[in-house]
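# A structural walkthrough
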There are 2 protein chains.
Amino acid sequence: MTSAFSDGFCDSSVRATIDLIGGKWSMAILWQLLQEECRYAELQRRVGGISQKVLSAELRTLVGAGLVEREVVPTVPPQVTYRITEEGRSLEDVFAALHRWGLQHGG
Amino acid sequence: MTSAFSDGFCDSSVRATIDLIGGKWSMAILWQLLQEECRYAELQRRVGGISQKVLSAELRTLVGAGLVEREVVPTVPPQVTYRITEEGRSLEDVFAALHRWGLQHGG
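Residues numbered from 1 in each chain as written. Chains lettered and ligands numbered in written order. Predicted model: local features only at pLDDT ≥ 70, side-chain atom pairs only at ≥ 80, totals over all residues. Heavy atoms only, no water.

### Looking at the overall build of chain A
Rules: Strands are runs of DSSP state E lasting at least 2 residues, helices are runs of H or I lasting at least 4, and numbering of each runs from the N terminus. Computed by Shrake-Rupley with a 1.4 Å probe, the accessible areas treat only the displayed protein chains as cover when residues are assessed.
Looking only at helices and strands, chain A has 7 helices and 3 strands in total. Counting from the amino terminus, chain A carries its helices and strands in the arrangement α-α-α-β-α-α-β-β-α-α. Roughly 5400 Å² of accessible area belongs to chain A as shown, and the carbon and sulfur atoms make up 51% of that amount.

As structure tokens, this is what we get:
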């Protein structure tokens, strides 16, 4: 692990990851979807404090990155469900580390 | 690990952590300072693309949270150095997980 912090050569990989998932909203969305799939309105409620505009934009980015998938059931009105992909599920280690840190340091 | 994702009860701990260190800039700053202490101008250069106003605000938050410390050497002009605290160093696991994910999925 130490090498990740003593060498700069891997820096771009971490920065790209931070750019992709490091935003407060994208992390909160991924965290919710890692727990269970969710319909749009429920996701907005669970994330909390996020506007529809920002939530839609964040979801587009996460879907585009292959971390989240969007399923539309053509009922009236249509039901839109978001769920984590296998690729997104691979972020569990990151969130598990966040979770452990939060428990230890949240006070 | 599974319990972190199947139970909602730990949710507030993760959300508090995301609120504290989530955010593209704060994560990028922490990542740089985990590697080595850094003077202000050099930190701005390494983080890249961040304004002085935003960098200063992010650093104030991180110092206030006890994750980063600020040392002023009273030379002329003063030298201001930022370094990770022991508390901040405890985030290494989170960044190590990000780093591994980035290597595996950065393509």
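### Here's the deal with the interface of chain A and chain B
To keep it simple, the criterion reads: Contact criterion: two residues are considered in contact whenever any of their non-hydrogen atoms come within 4.5 Å of each other. As a working definition, buried area equals the accessible area (1.4 Å probe) given up by two parts on being put together, with both sides summed. Contacts described as polar in this section are N or O atom pairs within 3.5 Å, which, within protein, must combine one atom able to donate a hydrogen with one able to accept it, while residues neighboring in sequence count only if both atoms come from side chains. The classification used treats Ala, Val, Leu, Ile, Met, Phe, Trp, Tyr, Cys and Pro as nonpolar, Asp, Glu, Lys and Arg as charged, and all other residues, Gly among them, as polar.
Of the residues lining the interface, 44 residues belong to chain A; the matching set on chain B comes to 44 residues. Buried surface at the junction of chain A and chain B, both sides included, amounts to about 4000 Å², of which 67% is carbon and sulfur. Across the contact surface, chain A and chain B share 9 residue pairs in polar contact (both at pLDDT 80 or more). In terms of residue count, the dominant contributor to the side of chain A that touches chain B is helix α7 (residues 92-105) of chain A (12 residues). Of the residues in the side of chain A that touches chain B, the class split is 23 nonpolar, 12 polar and 9 charged.

### A word on helix α4 (residues 40-47) of chain A
Residue and element names in this part refer to chain A. Stated formally: For the exposure calls, accessible area comes from a 1.4 Å probe over protein chains only, and a residue counts as buried if that area is under 20% of its type's maximum, exposed if over 50%, partly exposed in between. Here, the arc refers to the directions that run from the helix axis to the C-beta atoms.
Regarding α4, the residues found buried are Tyr40, Leu43 and Val47. Seen end-on, α4 carries its buried residues on one side only, within an arc spanning 60°. Away from its buried face by more than 90 degrees, α4 exposes Ala41 and Arg45. Taken from the residues just after α4, Gly48 is the one with a positive phi, measuring 80°.

### What about the relation of the copies chain A and chain B?
Here is the rule: Here the copies were fitted onto each other by least squares, based on C-alpha atoms from residues at pLDDT of at least 70 in both.
Of the two same-sequence chains, chain A is brought onto chain B (RMSD 0.1 Å, axial shift 0.0 Å) by a rotation of 180°. Viewed as a symmetry operation, the transformation between the two copies matches a two-fold axis. Judged by C-alpha distance, Gly23(A) is the residue of chain A that lies nearest the rotation axis, at 2.3 Å. The share of interface residues of chain A whose copies in chain B are also at the interface is 100%, consistent with both copies meeting through the same surface.

### Describing the confidence of the model for chain A
The test is simple: In predicted models, pLDDT denotes the confidence assigned by the predictor to each residue on a 0 to 100 scale.
Per-residue confidence for chain A gives a mean pLDDT of 87; residues scoring 70 or more make up 88%. Within the model, the stretch residues 1-9 of chain A combines pLDDT values under 50 with 14 contacts to residues more than four positions away or in other chains.

### Digging into the environment of Gln52(A)
All names here are of chain A. Inspection of the secondary structure assignment puts Gln52 in helix α5 (residues 52-64). Between the C-alpha atom of Gln52 and that of Tyr40, which follows or precedes it by 12 residues, the distance is 9.3 Å. When residues no more than four places from it in sequence are discounted, the contact partners of Gln52 are Tyr40 and Gln44.

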